[in-house]
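These are the residues of each chain, in order.
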Amino acid sequence: HCKLLTNREMLLDALPKRGVVAEIGVAFGDFTSEILERACPATLHLIDSWESERYTTGLDHIREKFKKEISREQVLIRRGQSIEVLKSLPVGAFDWVYLDTNHTYATTIEELRLAERAVKMDGFIAGHDYCTGNVIDAVPYGVIEAVAEFCYFNNWRFIYLTLETRGHMSFCLEKIK
């Protein structure tokens, strides 16, 4: 059932439009722009802690870059750790979520479990960095293992996988009915 796509922009083109969406792990909002342009969400929840030294200026950047969307409440900012914010989301409220946080196995598996609760019965869970790690900085990731385990034990399957040339692929899952 899995279709291969060239990149994550094409993944956005394939996901439902005008839905309720969450981007979890936003940083400076670069992918947020793509989500808004390609998926045209009715509401986009931006979830990030913006705490680390690397990303502290990201929230100010996002508030400025998306001030029009924020003012009309198309974009909602939810500041906090991904796990804690995911726990607070309403059950079955989202058409899809996109995960892109710290890429560790422990965080990713918990995010997947909580995202399952947050998406509608026919909703989707997508994410970035479906790879073994950051080869430039020699940082191993646990995304592949977490996604495989989640699918196996929770009855989900791949519907899309991207094939970015730099290796940081994205995935999209659906519940097996």
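See the structure printed just above.
In this text the structure is predicted, and so the values were computed from the model without any measurement.

Draft legend 1. The overall build of the protein chain, seen in detail. On a plain count of helices and strands, the protein chain comes out with seven helices and ten strands. Its C-alpha atoms give the protein chain a radius of gyration of 15 Å, near enough to 16 Å, the size a compact globule of 177 residues would have. Projecting the C-alpha coordinates of the protein chain onto the three principal axes gives extents of approximately 40 × 40 × 30 Å. When the accessible surface of the protein chain is summed, it comes to about 9000 Å², and 53% of that surface belongs to carbon and sulfur atoms. The positive charge centre, built from 21 side chains, and the negative charge centre, built from 26, are 5 Å apart in the protein chain.

Draft legend 2. The arrangement of the packing of aromatic side chains in detail. Taken as a whole and assessed by the stated rule, the structure comprises six aromatic pairs. Three or more aromatic residues joined by ring pairs form one cluster here, namely Tyr-130, Phe-158 and Phe-171. The ring of Phe-31 has Arg-8 sitting right over it, with the charged end atom 3.7 Å from the ring centre.

Draft legend 3. Looking closely at the side chain of Ser-49. Within the secondary structure layout, Ser-49 lies in the loop between strand 3 (43-48) and helix 3 (58-65). Accessibility expressed as a relative area gives 14% for Ser-49, which makes it buried.

Draft legend 4. Molecular detail of helix 2 (residues 30-39). Residues of helix 2 that are buried: Phe-31, Thr-32, Ile-35, Leu-36 and Ala-39. Along the long axis of helix 2, the arc covered by the buried residues comes to 145°, so they all point the same way. For helix 2, the exposed residues set more than 90 degrees away from the buried face come down to Asp-30 and Glu-37. In the stretch just after helix 2, Cys-40 is the one whose phi turns positive, near 45°.

Draft legend 5. Molecular detail of the side chain of His-128. By secondary structure assignment, the location of His-128 is in the loop between strand 6 (119-127) and strand 7 (133-134). Within the local environment of His-128, its side chain forms a polar contact with the side chain of Asp-100, the two groups lying 3.5 Å apart. Excluding residues within four positions of it along the chain, His-128 makes contact with Arg-8, Tyr-98, Leu-99, Asp-100, His-103, Val-143, His-168, Met-169, Ser-170 and Phe-171.

Draft legend 6. The sheet that holds strand 1 (residues 3-5), seen in detail. Strand order in the open sheet formed by eight strands is 1-9-10-6-5-2-3-4, and the pairing between neighbours is mixed. Unpaired on one side and paired on the other, strand 1 and strand 4 (75-79) mark the two borders of the sheet. Ignoring which end each strand starts from, the neighbouring axes of this sheet average 20° apart. Summarising the sheet, strand 2 (residues 20-24) and strand 3 pair through five bridges and their orientation is parallel. Note on strand 3: the bridge partner recorded for Glu-23 is Leu-46.

Draft legend 7. Just the pairing of strand 10 (residues 171-175), in detail. Taking burial as the measure, the five residues of strand 10 include four buried ones, the bulk of the element. The pairing of strand 6 with strand 10 spans four bridges and is classified as antiparallel. For Phe-124, the partnering residue across the bridge sits in strand 10 and is Glu-174. Pairing of strand 9 (residues 156-162) with strand 10, which is carried by five bridges, proceeds in the antiparallel orientation. Bridge pairing in strand 10 links Tyr-160 to Cys-172.

What counts and how
- Residues numbered from 1 in each chain as written.
- Predicted model: local features only at pLDDT ≥ 70, side-chain atom pairs only at ≥ 80, totals over all residues.
- Heavy atoms only, no water.
- Helix = DSSP H or I, 4+ residues; strand = E, 2+ residues; numbered from the N terminus.
- Rg over C-alpha atoms; globule rule 2.2 N^0.38 Å.
- Areas by Shrake-Rupley, 256 points an atom, 1.4 Å probe, with all protein chains shown as cover.
- Lys, Arg positive; Asp, Glu negative; His and termini not counted.
- Charge placed at Lys NZ, Arg CZ, Asp CG, Glu CD.
- Phe/Tyr/Trp six-rings, centres within 6.5 Å; stacked < 30°, edge-to-face > 60°.
- Lys NZ or Arg CZ within 6 Å of the ring centre and 35° of its normal.
- Buried < 20%, exposed > 50% of the residue type's maximum accessible area, 1.4 Å probe, protein only.
- Arc of directions from axis to C-beta.
- Polar contact = N/O pair within 3.5 Å; in protein donor to acceptor, adjacent residues only side chain to side chain.
- Contact = heavy atoms within 4.5 Å.
- Pairing = 2+ DSSP bridges.
- Axes fitted to C-alpha atoms, helices over the stretch in contact; angles between N-to-C directions.

Read these as spatial facts, not as claims about activity.
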